[in-house]
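Report on the structure
Here is what each chain is made of, one letter per residue.
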Amino acid sequence: MRRLHSFNGGAHPAEHKAESTARPIAAAPLVPLYVVPLRQHIGTPALPLVRAGDRVLRGQAIGQAEGYVSASVHAPTSGRVVAVEMRPVAHPSGLADLCVVIEADGEDRAIDLQPLDWRGMEPSHLRNLIRDLGLVGLGGAVFPSFIKLNPGEAGRVETLILNGAECEPWITSDDLLMRERAREILKGAEIMQAMLHAGEVVIGIEDNKPEAIAAMQAAVREMGLGYEVAVVPTRYPSGGAKQLTYLLTGRETPSRGHAVEVGVQVFNVGTAYGLHHALAEGRPLISRVVTVTGHVASPQNFEVRLGTPIEDLIRAAGGELEGATGEIIGGPMMGFDLQDRAAPVTKAVNCVIVKDAQRFPPPPAPRACIRCGECARACPARLQPFELYWYARARDFGKTQLFSLFDCIECGCCSHVCPSHISLVDFFRYAKSEIWAREREKEAADAARRRHEFHVWRLEREKQEKAERLARKAVAQVKEAEAAPVDAEAARKKAILQAAIERAKQAREGVTPRNVDHLTPEQQHQVEEADARRARLHAGAEDQKETENQP
Amino acid sequence: MAAGGLTLGAVLGWASVRYRVQEDPLVEKIDAILPQTQCGQCGFAGCKPYAEAIAKGEADINRCPPGGEDGIRRLADLLGVEAKSLGEGLEHKPKSVAVIDEDLCIGCTLCIQACPVDAIVGAAKQMHTIVADRCTGCELCLPPCPVECIHMEVIHEDITTWKWRYPVYSIRPVRE
Ligand code: SF4
Ligand code: SF4
Ligand code: SF4
């Protein structure tokens, strides 16, 4: 038995898991229209590979991974691309993002899928394949998996953790996946173990999921794997990567760092499941399990094709009941309110909760902080939320960083326990995004400063060079004049030059002599074009002056 | 194009070593707060000259519209003086970039010369383009254009630049 290391604080919000575990995972029905965002992962959005009018097949790549931190995106069914355009997506901002809109043809024809013999493959080639198959972390962070499957300089990790804790209330998608598809999860874990040369594999599951624990234990036994199913006490946020790592290994993930720095790599069980299917069948990530729960007729988990509009998914769960007051994407602790039900399910969406006034009442009006310290006792990151709140509220971002704002995992425990009902975590999100924006601005300003300094230096250099050129020329002219007092050729050139200057002067005075006599058709055309352009400009004289200033 | 970028980068690299002169640390600190738009709205020929004037006590801290209230507050903090509102006749505008209407551009190069941060590319008699992520939105290229083919476009928020809003609610006083 593994010795568990208890993390600080945490909370016990009402679980509400039973609502959606009574029914098995069902396949969500095909819908007429899919909206597939090209940004379904952390990093650079995928580059669109299709245009309106193109026909696509299920599993066909419609977006290519771009840059290092990225992953590809695939068509969820066969049909016709009707647009590549900005559409509302499931994001706290409610803003639109670039999506491939596919009208399904109902035939659901797939590309030719080939199982991949990953065991014999060169590691970097395998990782590129995993990127091109669209694999990202399905626990909610959607970080491209191929990056995390690189053992790095160490060449191996000590512990591979499969995260089946699922500590957020209401969500049961990992629970049902473990109950029903334990073997496939473990097959994915085998791939991960091989790629990372992991010394041990531990599957962490909260003790409120006895069926999942039993199913995983049975599958480990049957498959003859030496993996350990570790049962952790139910306490939010045990499913946080840092918290679970600490629980199972006693290792502290460094501030602003990742578990891999202490020899641990953590993947969600859904990611392992997706990885198995990706390699065993060559099937790209085009669906995921999503919990639909709350104020709907029949709460249930669905295997949903990515791009399915959330309103269609709610309908699949029997539709919302009378008195619904909106939707939460994710769980009630870390999720956000959906702004537009037309937004699609993406790789990041693990749960849709339809709210009602009873179970999701509007937050009570906050009162002033009484400095009771409850928030600090609850904070799993061992921060002082009330201090942080004080500075974030005063927009003193320097101080928030001194109090380790960026170690906050935004779990919401502090808001949950605050007797004054202060939504502390909202202030921390606000402060973080302000700081990020300032960093971006600072970088842009520094770049502009460098370019401006270069610009000034360049002008200075050009001026100097010109002066030197003129000086050299003057010297040469003087020498020339001394050498050849009267040169007929030079006199003739000078006369021509003088005439040209005279003509230019006349032109300025508006006499405009037109030297249009012996023109080629090409030149004639150019003159006409120039005249037309000139006609378009309003005050001719003014502009003429400007153009004459050009070098 | 990529190769051009590399060479330019190399030039910038060694140039930065050559043209940098020793700075007054206070001027540097002030300049670090100024937004580097280089627009001249403060009445100086760029951010650095304005920073120098502030350091000498010859200019007020509220003359930079692109920096806005926030910039003024940070200058006030740095210099240990009271923050104030933006100076008379100055107005903070949303951040924008300049865009050239490429059908109208006659390739006169006047805008290239006006751009303080070398954000415009093009050669004589060829169409010019503004590199959007270099453009500081200073508007200095607008007046010289003889065909008025440059206009400003406000940069809209997207998912990557979106920020969480300051939480708004009224705090109820605790009953005595
Ligand atoms: S729990 Fe609330 S009232 Fe208590 S110290 Fe924290 S913020 Fe203040
Ligand atoms: S400060 Fe951050 S990490 Fe700590 S309890 Fe609050 S939200 Fe969670
Ligand atoms: S007004 Fe323009 S030039 Fe002056 S400091 Fe501000 S950004 Fe720089």
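Procedures and definitions
- Residues numbered from 1 in each chain as written.
- Chains lettered and ligands numbered in written order.
- Predicted model: local features only at pLDDT ≥ 70, side-chain atom pairs only at ≥ 80, totals over all residues.
- Heavy atoms only, no water.
- Helix = DSSP H or I, 4+ residues; strand = E, 2+ residues; numbered from the N terminus.
- Buried < 20%, exposed > 50% of the residue type's maximum accessible area, 1.4 Å probe, protein only.
- Areas by Shrake-Rupley, 256 points an atom, 1.4 Å probe, with all protein chains shown as cover.
- Near = heavy atom within 4 Å.
- Nonpolar A, V, L, I, M, F, W, Y, C, P; charged D, E, K, R; others polar.
- Core = buried A, V, L, I, M, F, W, Y, C linked by side-chain atoms within 4.5 Å.
- Contact = heavy atoms within 4.5 Å.
- Axes fitted to C-alpha atoms, helices over the stretch in contact; angles between N-to-C directions.
- Parallel < 35°, antiparallel > 145°, perpendicular 65-115°, else oblique.
- Left-handed = near helix turned anticlockwise from the far one by under 90°.
- Domains from an automatic or database assignment.
- Buried area = accessible area lost by both parts, 1.4 Å probe.
- Salt bridge = Lys/Arg side-chain N within 4 Å of Asp/Glu carboxyl O.
- Polar contact = N/O pair within 3.5 Å; in protein donor to acceptor, adjacent residues only side chain to side chain.

Scanning chain B from terminus to terminus reveals five helices and four strands. The helix and strand sequence of chain B, counted from the amino end, reads α-α-α-α-β-α-β-β-β. Scored against the burial criterion, the 176 residues of chain B give a buried share of 38%. Of the accessible surface of chain B, which amounts to about 10300 Å², a share of 56% is contributed by carbon and sulfur atoms.

Taken together, 14 residues are adjacent to ligand 3, and Cys39, Gly40, Cys42, Cys47 and Cys64 of chain B come closest. For the shell around ligand 3, the class distribution of residues is nine nonpolar, five polar and no charged.

We now examine the nonpolar core. By size, the foremost hydrophobic cluster in this structure holds 72 residues, and its most contacted members are Ile130, Leu162, Ile185, Leu186, Ile203, Met216 and Leu313 of chain A. Setting aside chain neighbours within four positions, we find leucine 162 of chain A in contact with Ile185, Ala189, Met192, Val202, Ile203, Gly204, Phe267, Val269 and Ala272 of chain A.

Turning to the packing of helix α3 (residues 173-196) of chain A against helix α4 (residues 210-222) of chain A, a few remarks are in order. Residue and element names in this part refer to chain A. In the contact formed by α3 and α4, the axes pass within 8 Å of each other and the chain directions differ by 10°. Considering the angle they form, α3 stands roughly parallel to α4. In the crossing of α3 with α4, the sense of the turn from one axis to the other is right-handed. Across the interface between the two elements, Asp175, Met178, Arg179, Ala182, Arg183, Ile185 and Leu186 from α3 touch Glu211, Ala212, Ala215, Met216, Ala219, Val220 and Glu222 from α4.

Around ligand 1 sit Cys369, Ile370, Arg371, Cys372, Gly373, Glu374, Cys375, Phe386, Cys418, Pro419, Ser420 and Leu424 of chain A, and those are all the residues in its vicinity. Residue classes in the shell around ligand 1 are distributed as eight nonpolar, two polar and two charged.

A few words now on the packing of helix α2 (residues 25-33) of chain B against helix α4 (residues 68-79) of chain B. All names here are of chain B. Closest axis-to-axis distance for the α2/α4 pair is 9 Å, and the angle between their directions is 160°. Here α2 is positioned roughly antiparallel relative to α4, judged by the angle of their axes. Where α2 crosses over α4, the handedness of that crossing is right-handed. Within the contact between the two elements, α2 uses Leu26, Lys29, Ile30 and Ile33 and α4 uses Gly71, Arg74, Leu75, Leu78 and Leu79.

This part covers the domain arrangement of chain B. Residues and elements named next belong to chain B. Domain annotation for chain B reports domain 1 (22-90) and domain 2 (94-157). Centre-to-centre, using C-alpha coordinates, domain 1 lies 25 Å away from domain 2. Taken together, the contacts link four residues of domain 1 with six residues of domain 2. For the pairing of domain 1 and domain 2, the buried interface totals around 330 Å² over both sides, and the portion due to carbon and sulfur atoms is 62%. By the criterion of area lost to domain 2, the three top residues of domain 1 are Thr37, Gln38 and Cys39, representing 90% of everything that side buries. At the boundary of domain 1 and domain 2, one finds zero salt bridges. Scanning the region where domain 1 abuts domain 2 turns up one residue pair in polar contact (both at pLDDT 80 or more). When the residues that make up the side of domain 1 that touches domain 2 are grouped by side-chain class, the tally is one nonpolar, three polar and no charged.

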